[in-house]
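# Survey of secondary and tertiary structure
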Amino acid sequence: YLYLCHSKTVLMRKVIGIGETVLDIIFKNNEPTAAVPGGSTYNAIISLARSGVDTLFISEVGDDRVGDRITGFLQENGGNADYISRFPGSKSPLSLAFLNEHNDAEYIFYKDHPHDRLEFDLPDIQPDDIVLFGSYYALNPVIREQVAALLQKAHDNGAIIYYDVNFRPSHQTEVMKLMANLIENLDFADFVRGSNEDFQVIYGTDGADTVFNKEISFYCNHFIYTQGAHPVEVRGKGGFKKNYVVDTSGEIVSTIGAGDNFNAGFIFGLLKCNITRQDLDCGLSEKQWDDVVAYAQLFSGACCRDICNYVSKEFGKGIKSK
């Protein structure tokens, strides 16, 4: 990673994330080994905050001790928690993550909210700020009005919008019902990232070229296709395409949060390399793609070397100082 670009502008723009929160209880050999605050966008926001990025997170938590922990942990790591909603009598969701012999996780989710709710005033969004969203939270019809309002403001104000599809098989029966929201998300997005599993669930097909050409390119020019330990494939404006080998060396403690931290690293790279909306309109150069993907893999690899869902504080201090 010696070729990575460096810039002090990383602290001059902010990242706004919106998504679910959970308490992840992690099991190894059927024994609980850790309980950590989580959620796809939340994990990325924690890693970015630890790396010195100005972050703001929009979500809801339960009116319980778990909700206290999730909110407090965000604040302890430098994130802005002013836009987290809390409703009397609600309980925070739990996720049980069972690590197998390869330290990949299988999940069971428990959610006891009376119903999904989200109330917040739209935050200040400046040109070239970055908005991160994704997962079922980005499609949920119950809170669609609020999510769409944020995306519309981000678009109108010239922010960069990063969409992580992250569509779990448990929602496969809802694909048709959610398709209009999915297409709208793709249309708002400046970057779309998804895994081969995501697109197999949604479209019944995979392969970077197939998915990009048939389902994504009409709406978004910048596409990131991940497939576990296999190469990351990107597609860009003007027919750009390139594959990036995934480094599988070193000890893997847990893959929980690997994709979330790929997102965090990619966004950190956009900031560190001072990539703006004007750059996107022109199309990213090969060097710019190389730099941001390298940061994405750096963050993802660092997360996998720890039981938690984010990069360590030590990693954050190190990357911030470079």
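Now for a quick tour of the structure. Values in this document were obtained by computation on a predicted structure and should not be read as measured data.

## Thoughts on the overall build of the protein chain
Along the protein chain, the regular secondary structure elements total 10 helices and 13 strands. Here the C-alpha atoms of the protein chain give a radius of gyration of 18 Å, agreeing with the 20 Å that 2.2 N^0.38 yields for 322 residues. Of all 322 residues assigned to the protein chain, the portion counted as buried reaches 57%. Taking the intrachain contacts of the protein chain between residues at least 6 apart in sequence as the baseline, contacts between residues at least 24 apart amount to 73%. In the form shown here, the protein chain has an accessible surface area of approximately 13,800 Å², with 50% of it arising from carbon and sulfur atoms. Treating the 29 positive side-chain charges of the protein chain as one cloud and the 43 negative ones as another, the clouds have centres 5 Å apart.

## Observations regarding the pairing of strand S4 (residues 54-61)
Here is the key point about a regular strand: its side chains alternate between the two faces of the sheet. In terms of burial, S4 is a largely internal element, 7 of the 8 residues being buried. Bridging between strand S1 (residues 14-18) and S4 involves 5 bridges; their strand directions are parallel. Within S4, the residue paired with Val-15 across the bridge is Thr-55. In the sheet, S4 pairs with strand S5 (residues 80-86) via 5 bridges, with the strands oriented parallel. Within S5, the position partnered with Ile-58 by the bridge is Tyr-83. One crossover worth recording links S4 to the parallel S5 by way of helix H2 (residues 65-76), and it is right-handed.

## What to know about unusual backbone geometry
Positive phi outside glycine occurs at Asn-29, with the angle close to 55 degrees. The backbone of Asn-30 sits at a positive phi, close to 65 degrees, despite the residue not being glycine. Mapped onto the elements of the fold, Asn-30 is located in the loop between strand S2 (22-28) and strand S3 (31-38). Given the relative accessible area of 63%, Asn-30 is considered exposed.

## Structural notes on the nonpolar core
Core analysis: the largest hydrophobic core is formed by 53 residues, its most contacted members being Phe-191, Ile-224, Phe-266 and Trp-289. It is helix H9 (residues 286-304) that contributes the most residues to this core, 8 residues altogether. The contact partners of Ile-224, leaving out residues within four places of it in the chain, are Tyr-162, Phe-191, Val-192, Arg-193, Gly-194, Val-232, Glu-233, Val-234, Phe-262, Phe-266 and Trp-289. Counting residues in hydrophobic clusters, the runner-up holds 40 residues, among them Ala-138, Ala-159, Phe-167 and Ile-216.

## Points about the pattern of salt bridges
All told, the structure shown has 15 salt bridges when counted by the stated rule. Residue Lys-242 is joined to Asp-290 by a salt bridge in which the shortest nitrogen-to-oxygen separation is 2.9 Å. One end of the pair, Lys-242, is in strand S13 (residues 241-244); the other, Asp-290, is in helix H9, and 48 residues separate them in sequence. The salt bridge involving Lys-287 is made with Asp-291; its shortest N-O contact spans 2.7 Å. Of this pair, Lys-287 and Asp-291 both sit in helix H9, 4 residues apart, which is roughly one turn of that helix. Among the residues examined, Lys-287 registers a relative accessible area of 43% and is labelled partly exposed. The buried category is assigned to Asp-291, whose relative accessible area is 3%. Bridged by salt links that share partners, the residues Asp-209, Glu-233, Arg-235 and Lys-241 form one connected network.

## Quick notes on the environment of Gln-146
With respect to the secondary-structure elements, Gln-146 resides in helix H3 (residues 144-156). For the pair formed by Gln-146 and Leu-122, sequence separation is 24 residues and the distance between their alpha carbons is 8.9 Å. If we skip the residues at most four places from it in the chain, Gln-146 touches Leu-118 and Phe-120. One polar contact links the side chain of Gln-146 to the main-chain carbonyl oxygen of Leu-118, over a distance of 2.7 Å.

## Notes on the sheet that holds strand S10 (residues 191-195)
Across the sheet, 9 strands lie side by side as S5-S4-S1-S8-S9-S10-S11-S12-S13; this open sheet has mixed pairing. Because the sheet does not close on itself, it has two edges, and the strands there are S5 and S13. Here the strands of the sheet are splayed against their neighbours by 15 degrees on average, with no regard to which way each runs. Pairing between strand S9 (residues 160-164) and S10: 3 bridges, direction parallel. Note on S10: the bridge partner recorded for Asp-164 is Arg-193.

## Brief notes about the packing of helix H7 (residues 258-272) against H9
One can describe the packing of H7 onto H9 by two numbers: an axis separation of 7 Å at closest approach and a directional angle of 140 degrees. Between H7 and H9, the angle is such that the two are oblique. The hand of the H7/H9 crossing is right-handed. Judged by residue contacts, Ala-258, Asn-261, Phe-262, Ala-264, Gly-265, Phe-266, Phe-268, Gly-269, Leu-270 and Lys-272 of H7 engage Trp-289, Val-292, Val-293, Tyr-295, Ala-296, Gln-297, Phe-299, Ser-300, Cys-303 and Cys-304 from H9. Counted by class, the contact of H7 with H9 contains 14 nonpolar, 5 polar and 1 charged residues.

Procedures and definitions
Residues numbered from 1 in each chain as written. Predicted model: local features only at pLDDT ≥ 70, side-chain atom pairs only at ≥ 80, totals over all residues. Heavy atoms only, no water. Helix = DSSP H or I, 4+ residues; strand = E, 2+ residues; numbered from the N terminus. Rg over C-alpha atoms; globule rule 2.2 N^0.38 Å. Buried < 20%, exposed > 50% of the residue type's maximum accessible area, 1.4 Å probe, protein only. Contact = heavy atoms within 4.5 Å. Areas by Shrake-Rupley, 256 points an atom, 1.4 Å probe, with all protein chains shown as cover. Lys, Arg positive; Asp, Glu negative; His and termini not counted. Charge placed at Lys NZ, Arg CZ, Asp CG, Glu CD. Pairing = 2+ DSSP bridges. Right-handed = clockwise from strand over helix to strand, strands pointing away. Core = buried A, V, L, I, M, F, W, Y, C linked by side-chain atoms within 4.5 Å. Salt bridge = Lys/Arg side-chain N within 4 Å of Asp/Glu carboxyl O. Polar contact = N/O pair within 3.5 Å; in protein donor to acceptor, adjacent residues only side chain to side chain. Axes fitted to C-alpha atoms, helices over the stretch in contact; angles between N-to-C directions. Parallel < 35°, antiparallel > 145°, perpendicular 65-115°, else oblique. Left-handed = near helix turned anticlockwise from the far one by under 90°. Nonpolar A, V, L, I, M, F, W, Y, C, P; charged D, E, K, R; others polar.

Interpretation note: all reported values are geometric properties and have no functional meaning in isolation.
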